[in-house]
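# Descriptive analysis of the structure
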Amino acid sequence: MPSTVRPTEQVRPTEHLDLLLRDLRSSRDGLSAREARRRLVHVGPNMLRRRGRRQWPRQLLRQFTHPLALLLWAAAGLAFAVGIAPIAVAIVSVIVLNAAFAFVQERHAEHAVEALAAFIPLRAKVFRDRQRQSIDATELVPGDVLVVTEGDRISADARLLDGDIEVDMSALTGESAPVSRAAELLDIDVPLLQARDVIFSGTVCTGGEATAVVYATGMRTELGRIASLSERVRPEESPLERQVRRVAWLIAGISVLLGAAFIPIAVLGAGLSFLNAVIFAVGLLVGNVPEGLLPVITLALAIGVRRLAQRGAVVKRLSAVETLGSTDVICTDKTGTLTENRMRVTAIDTSGGTADPSDESATAALAPALVSRLSTAMNACSNAHRTTSGDLIGDATDVAVSAAAATVGAVTEVTRVRQFTFDSVRKRMSTVDRSGVSTAIHVKGAPESILPRCTAELAPDGRPTPLTAERRAELEKLIDDRADAGFRVLAIADRPLSEFEPIPGTAPEAESALTLLGLVSIVDPPRAEVAEAVTRCRTAGIRIIVITGDHGRTAAAVARQVGIVRAEPVIVTGAELDRMNEDALDRLLDTTGELIFARASPEAKLRIADALRAGGHVVAMTGDGANDAPALRSADIGIAMGRSGTDVAREASTMVLTDDNFATLAAAVAAGRRSYDNIRKFIFYIFAHATPEVLPFLVFALSGGTVPLPLTVPLLLAFDVGTETLPALALGRERAEPGIMRRPPRPRHEAVIRGPMLVRAWLFLGVLCAVLALGGFFAVLLAAGWHPGDATDAGTPLHHAYRQAITVMFAGMVAGQIGTAFAARTDRAALRSIGAFSNPMLLWGIAFELVLTAFISYFPPLQYVLGTAALAPWMVALVLPFPVVVWGADELRRWAVRRRTL
Ligand code: ATP
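Residues numbered from 1 in each chain as written. Predicted model: local features only at pLDDT ≥ 70, side-chain atom pairs only at ≥ 80, totals over all residues. Heavy atoms only, no water.

## Let's talk about helix α19 (residues 552-562)
- The buried fraction of α19 amounts to eight of the 11 residues, a majority that puts the element mostly inside the structure.
- Taken residue by residue, α19 has Gly552, Thr554, Ala555, Ala556, Ala557, Val558, Ala559 and Val562 as its buried positions.
- Here the buried face of α19 lies against α16 (469-484), β19 (488-497), α18 (530-539), β21 (543-547), β22 (570-573) and β23 (595-598).
- Glycine 563 sits one or two positions beyond α19 and adopts a positive phi of about 90°. (Buried < 20%, exposed > 50% of the residue type's maximum accessible area, 1.4 Å probe, protein only. Helix = DSSP H or I, 4+ residues; strand = E, 2+ residues; numbered from the N terminus. Contact = heavy atoms within 4.5 Å.)

Put into structure tokens, the structure is as follows:
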């Protein structure tokens, strides 16, 4: 390939671009809005159509073939093989019902996540009607003139008209090192993707600024051509799902072993017929396989995702909901997250005095020679733009500086020749500007990054005076004072170029031997709602660390205003952090309570995230700049800002805050905790059924058949599928328990299914339900004059009583289940404190269970199929108190737990 590459040809660039613009019927000023609308109708929206949408047959098939379903198929096969066809049919219907249910739930979950894309629309900056505007990226059309700046995702294929940028092409080429692209570089005879004057949809601008004319959109872009979109990103399994899948498997394995081991024991030891032993084994298997668990979890997570989105936190993975719940450290930046990002210059300090730009008489008192150069620099070295309606738009700092420029003094209009863009590592930006015959470099940025590059300061008479050590110390003191008051301070400097001096080609050349013109202090008030959110995080045991690019004292002042710091925080600057080794950083993070990282670079964020994670913490990290992406990826939850953040940050993040607000983050943590709690609730609820499902078979087997089977396999199946799922789903929507944000975060590796939960489910409530239901069973039999060993088969006098007894057993289990559902609603709190009727869906679920039970015992066709019989009123009365007994027993347990841990 290299042999075919001709060296870059520096042809007159405008010539071919003019031809391209002509072909595209556009100009350097872009299209008119009307023309763009017409083209949009013609070429269609700029988006990639997803092929291969017909995923559902495969998805449906998967529900029948996943391992737990296969186990059920095996059970059905076994039942069929030994000649109990009705049971085989019943098991198959369970498989079908379960598959349908799981399928619907998975689709539901998928749609919930897909719908989120609409919350974070991609935008593009274009010239329309000669005005720079921000439009929805789907509205881009060929001929549009795009403005690309650092952090933008490029949304169409375009040829550069002006400027130079760095581009991350990894989406197209897999190569993640940024490459430079510039309008002047003309590559001929190279593959299109390597051409250095073209930029492509799907790639990302990591530095610089350029304009480009769009020549292809939507499916006609390289991305549209290359991407095989039929292959969708496989949703990764969350740790929670993985854990539950493992446990489900374990339980299924144990059931198979138990079943297989019991057949010989039952036949040889208890003298059971082989047929009865197989029935027993099948019952054990079907009763225990928690086949419905995983889809319910997926759905519960999806509901969590939707709930978060409604609160302004859009997450991209289901598992984020779970991680959010265990977050114990939040690393937040300051600007825009803790503060409003609405900046206003409130003081200007010059060698000739201090003035408030909003006070005209004060600024008039400043020396005119000094002030005009300062205001010109402020105006020139800013990327804020004025809209047709006269509003300033752009970066908040730039907007504040531009707005103040005009009020400070007379601004000389300039034409920008070159720009060295702002980035958060250099913490400054500079422009080379021409006005008539004179050219000057204008610089603005963090004082620490500007003052060392200044050799002089402009005196009130308009002449530069050397910057002495005393004056520098004086300025530093002033900067500290302003920062202590919570202001963001910027230094403004310039350097006029003599007629013969060449235009500097690099930032270091431009940003040297500067003359300091003044310092501007900007106020950015804290958001009103942050203080309360900080308190919530504190009580929830979540530590907040501020990592900001701003001055440490400014950050400390803001952090104090919102309550993040109370005492004197330890402030570590980016430079100090760079000198620290990993051990020192670990120690610092471990031992220091109130910490602020100031003047931090994006790499610093990455290091801090890594160190915290290595220390076992679950870290949420905010970021908005293009180079925050690695830190956002490395944190457990990377959080980008929906409004002010760059596209790159948004893409690297797991969660996007649509309102850029820290308070939303606190709410998201609460929502995450709630979702996780609810998942545990229904896992507990589903597990609690295992004991009542298995115990009747054990009684039957261990009695050697002297006790008739208390629960037939078809009834067990009816219980398993018919009555279990709806309340489980309802528990997934349970409200947050009181005090959810008053307890410490869940440890990182805490298992979702833990010993105490299993004891409570299997041995406490499970055994209680089983004993109650079996008690009902025996009560009915004994009342009919049954003695152990009496025959109860069809045709015997006791057969009707037996049918009633198994119906009572079933009804008793359902009643116990209702009690369990109420008990599952809270782990520690009293039911009274959460309101017995506060979950309407659960009440509906229970109503459904009751209706089904009524049908099973009184509806003749079902009686025929399931072998049940109508209950006498006293039997109903016997079962009625069961829910209260079960729930009451757990209420007492919770009361005891609360007392113990008070
Ligand atoms: P945070 O990291 O909390 O969002 P920040 O906005 O101060 O804080 P950066 O955007 O990295 O972080 O900015 C770092 C510093 O660079 C600022 O404190 C300021 O001094 C300077 N700065 C910010 N924006 C500009 C700009 N547009 N032009 C020149 N200097 C800027």
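More follows now that the structure is in view.
## Considering the domain arrangement of the protein
- Splitting the protein by domain gives domain 1 (17-49 + 126-229), domain 2 (325-340 + 527-658), domain 3 (344-523) and domain 4 (705-735 + 749-901).
- Centre-to-centre separation of domain 2 and domain 3, based on C-alpha positions: 29 Å.
- Between domain 2 and domain 3, the residue contacts involve 14 residues of the former and 14 residues of the latter.
- Among the residues domain 2 hides against domain 3, the three largest losses belong to Arg553, Thr554 and Arg599. Together they make up 45% of the total.
- At the junction of domain 2 with domain 3, the criterion picks out four salt bridges.
- Note that aspartate 550 is salt-bridged to arginine 488, the shortest N-O span being 3.5 Å. (Domains from an automatic or database assignment. Buried area = accessible area lost by both parts, 1.4 Å probe. Salt bridge = Lys/Arg side-chain N within 4 Å of Asp/Glu carboxyl O.)

## A look at the nonpolar core
- Judged by nonpolar contacts, the single largest core of 152 residues is most densely connected at Ile91, Ile297, Ile564, Met655, Phe662, Phe682 and Ile683.
- Among the elements that line this core, the one with the most residues is helix α25 (residues 662-687), at 16 residues.
- Counting the residues that make up this core, at least three belong to each of domain 2 (325-340 + 527-658) and domain 4 (705-735 + 749-901).
- For methionine 655, the contacting residues outside a window of four places in its chain are Ala313, Val314, Val315, Leu324, Ile637, Gly638, Ile639, Ala640, Leu665 and Ala668.
- Val572, Ala604, Leu612 and Ala649 belong to the second largest nonpolar core, which has 29 residues in total. (Core = buried A, V, L, I, M, F, W, Y, C linked by side-chain atoms within 4.5 Å.)

## Topic: the packing of α25 against helix α30 (residues 799-824)
- Look at α25 against α30: their axes get within 9 Å of each other, and the N-to-C directions meet at 155°. Between α25 and α30, the angle falls in the class roughly antiparallel. Our pair here, α25 against α30, has a crossing hand that is right-handed. Where α25 abuts α30, its residues Lys681, Phe684 and Tyr685 lie against Gln817, Thr820, Ala821 and Ala824. (Axes fitted to C-alpha atoms, helices over the stretch in contact; angles between N-to-C directions. Parallel < 35°, antiparallel > 145°, perpendicular 65-115°, else oblique. Left-handed = near helix turned anticlockwise from the far one by under 90°.)

## Some remarks on the side chain of threonine 217
- Tracing the backbone shows threonine 217 in the loop between β7 (204-216) and α7 (222-226).
- Classification of threonine 217 as buried rests on a relative accessible area of 1%.
- Setting aside anything within four residues of it in sequence, one finds threonine 217 in contact with Val43, Asn46, Leu140, Val141, Pro142 and Ala156.

## A short note on the sheet that holds β22
- The mixed open sheet is built from eight strands, whose spatial order is β8-β26-β25-β24-β9-β21-β23-β22. Strands at the two margins of the open sheet, each flanked by one partner only, are β8 (313-315) and β22. Put simply, the sheet's adjacent strands are angled 20° from each other on average, direction ignored. (Pairing = 2+ DSSP bridges.)

## So, empty space enclosed by the protein
- Tallied over the entire structure, the rule returns five cavities of 30 Å³ or more.
- Approximately 70 Å³ is the volume found for the largest cavity.
- Of all the elements in the fold, those that place two or more residues in the lining of the largest cavity are α10 (293-310), α27 (713-722) and α28 (725-731).
- Residues that form the lining of the largest cavity fall into these classes: five nonpolar, three polar and three charged.
- A volume near 60 Å³ is recorded for the second largest cavity.
- Elements with a contribution of two residues or more to the lining of the second largest cavity: β1 (123-128) and β3 (145-149).
- Of the residues assigned to the lining of the second largest cavity, the class counts are five nonpolar, one polar and five charged. (1 Å grid on protein atoms, 1.4 Å probe; cavity = no way out; pocket = protein on both sides within 12 Å on 5 of 7 lines; lining within 4 Å. Points joined across faces, edges and corners; volume = space filled by probe spheres on them. Nonpolar A, V, L, I, M, F, W, Y, C, P; charged D, E, K, R; others polar.)

## What about the packing of aromatic side chains?
- Overall, the coordinates contain six aromatic pairs when judged by the stated rule.
- Here the aromatic rings of phenylalanine 777 and tyrosine 802 are separated by 6.5 Å at their centres, their planes lie at 80°, and the arrangement is edge-to-face. You can see phenylalanine 777 sitting in helix α29 (residues 755-783) and its partner tyrosine 802 sitting in helix α30, a full 25 residues away along the chain.
- On the basis of an interplanar angle of 75° and a centroid distance of 5.3 Å, the ring pair of phenylalanine 855 and phenylalanine 859 is categorised as edge-to-face.
- The side chain of arginine 746 reaches across the aromatic face of tyrosine 676, ending 3.4 Å from its centre.
- Directly above the ring of phenylalanine 684 sits arginine 760, whose terminal nitrogen or CZ lies 4.1 Å from the centroid. (Phe/Tyr/Trp six-rings, centres within 6.5 Å; stacked < 30°, edge-to-face > 60°. Lys NZ or Arg CZ within 6 Å of the ring centre and 35° of its normal.)

## Here's the deal with the pattern of salt bridges
- This structure, assessed with the given rule, holds 41 salt bridges.
- Among the ionic pairs, aspartate 144 bridges to arginine 128, the shortest N-O distance being 2.7 Å. With aspartate 144 in the loop between β2 (131-136) and β3 and arginine 128 in strand β1, this residue pair connects regions lying 16 residues apart in the sequence.
- What you see here is one network of salt bridges that share partners, running through Arg760, Asp827, Asp890, Glu891, Arg893 and Arg894.

## Concerning the UniProt feature "transmembrane region" (unreviewed entry) in the protein
- When the UniProt feature table is mapped to this numbering, "transmembrane region" (unreviewed entry) covers residues 247-272, 278-303, 682-705, 711-732, 762-786, 806-824, 836-859 and 871-889.
- With 77% helix and 0% strand, residues 711-732 has end C-alpha atoms that lie 29 Å from one another.
- Annotated as residues 836-859, this span is 79% helix and 0% strand, and its ends, taken at the C-alpha atoms, are 31 Å apart. (UniProt positions renumbered as here; feature names shortened; annotations may be inferred.)

## Here's the deal with a negative patch on the surface
- On the surface, a cluster of negative charge is contributed by Asp162, Asp164, Glu166 and Glu184.
- Overall, glutamate 184 belongs to the partly exposed group, its relative accessible area being 41%. (Patch = residues over 30% accessible without salt bridge, like charges linked within 9 Å, V, L, I, M, F, W, Y side chains within 5 Å. Areas by Shrake-Rupley, 256 points an atom, 1.4 Å probe, with all protein chains shown as cover. Lys, Arg positive; Asp, Glu negative; His and termini not counted. Charge placed at Lys NZ, Arg CZ, Asp CG, Glu CD.)

## Comments concerning the site of the ligand
- Every one of the 19 residues lining the ligand counts as a neighbour, but Lys334, Arg488, Thr548, Gly549 and Arg599 are closest to it.
- Within the contact set of the ligand, an oxygen atom lies 2.6 Å away from a backbone nitrogen or oxygen of lysine 334.
- Contact between the ligand and threonine 335: an oxygen atom at 3.0 Å from a main-chain N or O atom of the residue.
- When the ligand sits alone it has 600 Å² of accessible area, and the protein chains cover 91% of it.
- Of all the elements in the fold, those that place two or more residues in the shell around the ligand are α14 (396-408), β16 (438-445) and β19.
- Of the residues contributing to the shell around the ligand, the split by class is four nonpolar, six polar and nine charged.
- When residues of the shell around the ligand are assigned to domains, at least three fall in each of domain 2 (325-340 + 527-658) and domain 3 (344-523). (Near = heavy atom within 4 Å. Polar contact = N/O pair within 3.5 Å; in protein donor to acceptor, adjacent residues only side chain to side chain.)

## Regarding the side chain of threonine 853
- You can see threonine 853 is positioned in helix α32 (residues 840-858).
- Those residues in contact with threonine 853, other than ones at most four positions away along the chain, are Phe810, Ala811 and Val814.

## A short note on the packing of α29 against helix α35 (residues 882-900)
- Axis separation between α29 and α35 bottoms out at 10 Å; the angle between their running directions is 150°. Relative to α35, α29 is oriented roughly antiparallel. Seen from above, α29 lies across α35 with right-handed handedness. In contact with Arg760, Phe764, Leu765, Leu768, Cys769, Leu772 and Ala773 of α29, α35 contributes Phe882, Val885, Val886, Ala889, Asp890, Arg893 and Arg894.
- Looking at the contact of α29 with α35 residue by residue, the classes come out as 10 nonpolar, no polar and four charged.

## Let's talk about the pairing of β3
- Most of β3 is tucked away: five of the five residues are buried.
- Burial along β3 is two-sided: the residues Val145, Val147 and Thr149 and Leu146 and Val148 are all buried.
- In this sheet, β3 lies alongside β1 in antiparallel orientation, the contact comprising three bridges. Among the inter-strand pairings, lysine 125 is bridged to a residue of β3, identified as valine 147.
- Relative to β7, β3 runs antiparallel, the two being bridged by five bridges. The residue of β7 that forms the bridge with valine 145 is valine 213.

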